[in-house]
Amino acid sequence: TLPPAAAARGAHPGAASAWGEPSPQNTAAGGAGPQAAEHGGQPTSAENEAARAAGQPEMSEELAQEMQAAAEAFGAPEASSSLLKQAMRVVLPDTWDSEGEGRFNAAPDVRKLEAAWPQLQDELDTASEAKTDKVERFFADALKRAEEQVDLKVQDVGQKLEARAKAAETKLDPAGASKYRSMQWTVMNAAERVKEKIAERQRARIALRKHKAKSQKQALRKALTNPTGILTEAFLPDGQSLSELSAADAVEEVADALRDLFRAVEVAAVRPPLSAEGGPLKFLSETVGRAEAEEVPLESACEAALRGLGASLGGLAARLRQELESLPEPEKLYKDMEFDGLDREAKRDKQMFDGKQEFDWERTLKLTTQEQLQRRVAAHKDKLEKVERVLRRRWRKGRERSRPQSMQALAAFTDAITKAEDSIRVLYRENSEKADAEVTRVEAERRRTQEQTQVLLSAALVIREEKNTMNDAWYAAPKERQQVMFKSLKKVRRLAEDMKNLAIMPELKQKHSVLLYSLRMLEAKLKNECQAKPDDILDGPLKLSPAQQQQLEEAERAFEEQLEADIDAIRAAHGARAERAVSRLANEFKSAAEVQHAGSLQAARVAIDASARAAGRAEFAAVALRPFADAV
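A separate point is the packing of helix H6 (residues 82-90) against helix H8 (residues 117-170). In contact at an axis separation of 10 Å, H6 and H8 are set at 90° when each is read in the N-to-C sense. By the angle between their axes, H6 is roughly perpendicular relative to H8. Across from Leu83, Leu84, Ala87 and Met88 in H6, the residues of H8 making contact are Gln119, Leu120, Glu123 and Leu124. Of the residues that constitute the contact of H6 with H8, the class distribution is six nonpolar, one polar and one charged.

In structure tokens form, the structure reads like this:
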């Protein structure tokens, strides 16, 4: 095993910054990595002079750092060409902020970048190869320094073991001397294994970084056509890759991947969708006559990214657990050798000094970790609020921009509907008035006819009753028969007189004539049966019997039922005519509305749907980004 001091401090402390990112020590002190200093974490004076000459504000330090971080993440630290710089701007959240960088610099033309992909790919490969060569040289130097440190430690431990072996020989203890010299070989063999392990882990890290560069290039390629392409193709190391790295390298690789993933989620959230004509399509823009914009499946992309994030964090947890379980306990002999050659007071002073150093180191590490955690929380909180602010601002602007046209279109359509409803109500009212007029006319005619019909019916009933009376009295005694006949004659004359004075309707003339004829024949027959004067006639109106009254009432009820049925039929006929007229009117309105309002209604529908999507996107992004921010 590695000697205790080397195992506790790490065999190659400089390897954490092998790719130019700040090492934990430098980050804690607020410094920048060597590669960031080499390529410039700040905007150059020439770039700021060009910005001032163009009337644009100078590039902020924060934006320059974001640009540099994105270039580092995509394997192009030296994004010197304008094409490569435009490609790097695609993967920056501030590029798509209309009140941030987007207010001064137009969004990259992703269609042109896609068309120039072969050239862009060549530049990315060239930059990536240059970076790979530089990193391999850096790792070679780091490996050399680590081997030198291991050799120095082996030499120190070997000298102390040799001193103990000589002391054992002096004490005539050849077994002890042999033991210490055997331990020297054990330490040297362990040192060789440590150096081989360091070299293997460096090779694994180089291979992982090459794989990352290839994956990020594919993500950039897909991001040119799909706003969520950078998220779906984001690089996340798996458990197998992390198991081949040291614990410190695994933590650093996962931290870098999570930082890049969070930036990718920001870009996917704030970047507008693409129109079929190319370029970013602003939400709620007029899309009548244009191809619909591509939908941005942010939800499914975030779900896939969360699954990859969980797998990567699980692999890191397994690697740290493995490191913890395989960490050996320091051997007492090696700890005692640190005090060789010291007296009791010097040993006590060294123990006190080492304890104080250990306490100060743990305290500094704790304070630094807390400070970094607070800064990280504040920074990610600001980023989350910015994403939500950008999306809500975009939603409000789009809504306010399309609201007048949408409300005007809906108001025009509502007015057309109101006019159509008014026309339909007028049509119903006119048909109802016509139906009422016809019902009133028919009912009046029917009742007038019924009134005379009832009179004729009553006359017919009287005639039939008198005939029955004559038949019953025909075989009676002569005197009784004469009295009955005389009484019937008076009724018949009264009835005949009433019928003659009745103003009869033309359609009842025939029935009236038949009744008068029957009355004349009956009167003539009665006159032959009794001696009566010409003025013998019944005084006052005829009175009907209860049976006759009942018959008249039944006839009246039948008339009322038939009249009600006829009135219902009249109203139903008018209602059917009204429905047919309304149907024709509705078809005419539908045809006119399709011609006059189809375009405006389609635009309003598109605007409302886009507003709903923008609002839902803002609400979803505020929640969906939080797990990624917490994981960084």
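There is more to say, and it comes next.
Position of asparagine 105 relative to the elements: it lies in the loop between H6 and helix H7 (110-115). Residue asparagine 105 is classed as partly exposed on the basis of its relative accessible area, which comes to 24%. Counting along the chain gives 10 residues from asparagine 105 to threonine 95, while the straight-line C-alpha distance between them is 8.0 Å.

What follows deals with a positive patch on the surface. There is a patch of like positive charges on the surface, built from Lys434, Arg577, Arg580 and Arg584. Of the residues forming the positive patch, the biggest block, three residues, is contributed by helix H18 (residues 546-631). Residue placement: lysine 434 occurs in helix H15 (residues 344-473).

On to the packing of helix H12 (residues 247-270) against helix H13 (residues 298-326). Across the interface, H12 lies against H13 with an axial gap of 10 Å and an inter-helix angle of 170°. With respect to each other, H12 and H13 are oriented roughly antiparallel. From H12, Ala247, Ala250, Val251, Val254, Leu258, Leu261, Ala268 and Ala269 reach across to H13, where they touch Leu298, Ala305, Leu309, Ser312, Leu313, Leu316, Arg319, Leu320 and Glu323. When grouped by side-chain class, the residues that make up the contact of H12 with H13 number 14 nonpolar, one polar and two charged.

Over its 23 residues, helix H16 (residues 478-500) runs 32 Å from end to end, which matches the ideal 33 Å to within 8%, given 1.5 Å per residue. Residues of H16 that are buried: Met485, Ser488, Leu489, Val492, Arg493, Arg494, Leu495, Ala496 and Met499. Against the buried residues of H16 lie H15 and helix H17 (509-529).

So, on to a nonpolar patch on the surface. A grouping of Met407, Leu410 and Ile608 is seen on the molecular surface, where their side chains present a nonpolar patch of about 260 Å² in accessible area. Inspection of the secondary structure puts methionine 407 in helix H15.

On the secondary structure map, arginine 577 appears in helix H18. Between the C-alpha atom of arginine 577 and that of asparagine 431, which follows or precedes it by 146 residues, the distance is 8.0 Å.

By the definition in use, this model includes one aromatic pair. With 6.4 Å between their ring centres and 75° between their planes, phenylalanine 138 and phenylalanine 139 make a pair best called edge-to-face. Across from the ring centre of phenylalanine 138, 6.0 Å away, lies the NZ or CZ of arginine 145, which sits over that ring.

What follows deals with the confidence of the model for the protein chain. Across the protein chain, the average pLDDT comes to 76, with 81% of residues at 70 or higher. Below a pLDDT of 50 lies the segment residues 1-60, which in the model reaches 95 contacts outside its immediate sequence neighbourhood of four places, other chains included.

So, on to the environment of glutamate 162. Note on placement: glutamate 162 falls in helix H8. Taking the C-alpha atoms as reference points, glutamate 162 and serine 178, 16 residues apart in sequence, are found 10.0 Å from one another. At 2.9 Å, the side chain of glutamate 162 and the side chain of glutamine 184 are in polar contact.

For the coordinates displayed, the defined rule picks out 29 salt bridges. Two residues, arginine 441 and glutamate 445, come together in a salt bridge whose shortest N-O distance is 3.6 Å. Of this pair, arginine 441 and glutamate 445 both sit in helix H15, four residues apart, which is roughly one turn of the helix. Accessibility expressed as a relative area gives 36% for glutamate 445, which makes it partly exposed. Among the salt bridges present, the one from glutamate 560 reaches arginine 447, with a minimum N-O distance of 2.7 Å. With glutamate 560 in helix H18 and arginine 447 in helix H15, the pair connects residues that are 113 residues apart, well separated along the chain. Classification of arginine 447 as partly exposed rests on a relative accessible area of 33%.

What counts and how
- Residues numbered from 1 in each chain as written.
- Predicted model: local features only at pLDDT ≥ 70, side-chain atom pairs only at ≥ 80, totals over all residues.
- Heavy atoms only, no water.
- Axes fitted to C-alpha atoms, helices over the stretch in contact; angles between N-to-C directions.
- Helix = DSSP H or I, 4+ residues; strand = E, 2+ residues; numbered from the N terminus.
- Parallel < 35°, antiparallel > 145°, perpendicular 65-115°, else oblique.
- Contact = heavy atoms within 4.5 Å.
- Nonpolar A, V, L, I, M, F, W, Y, C, P; charged D, E, K, R; others polar.
- Buried < 20%, exposed > 50% of the residue type's maximum accessible area, 1.4 Å probe, protein only.
- Patch = residues over 30% accessible without salt bridge, like charges linked within 9 Å, V, L, I, M, F, W, Y side chains within 5 Å.
- Areas by Shrake-Rupley, 256 points an atom, 1.4 Å probe, with all protein chains shown as cover.
- Salt bridge = Lys/Arg side-chain N within 4 Å of Asp/Glu carboxyl O.
- Lys, Arg positive; Asp, Glu negative; His and termini not counted.
- Charge placed at Lys NZ, Arg CZ, Asp CG, Glu CD.
- Expected span 1.5 Å × (residues − 1).
- Phe/Tyr/Trp six-rings, centres within 6.5 Å; stacked < 30°, edge-to-face > 60°.
- Lys NZ or Arg CZ within 6 Å of the ring centre and 35° of its normal.
- pLDDT = per-residue confidence, 0-100.
- Polar contact = N/O pair within 3.5 Å; in protein donor to acceptor, adjacent residues only side chain to side chain.

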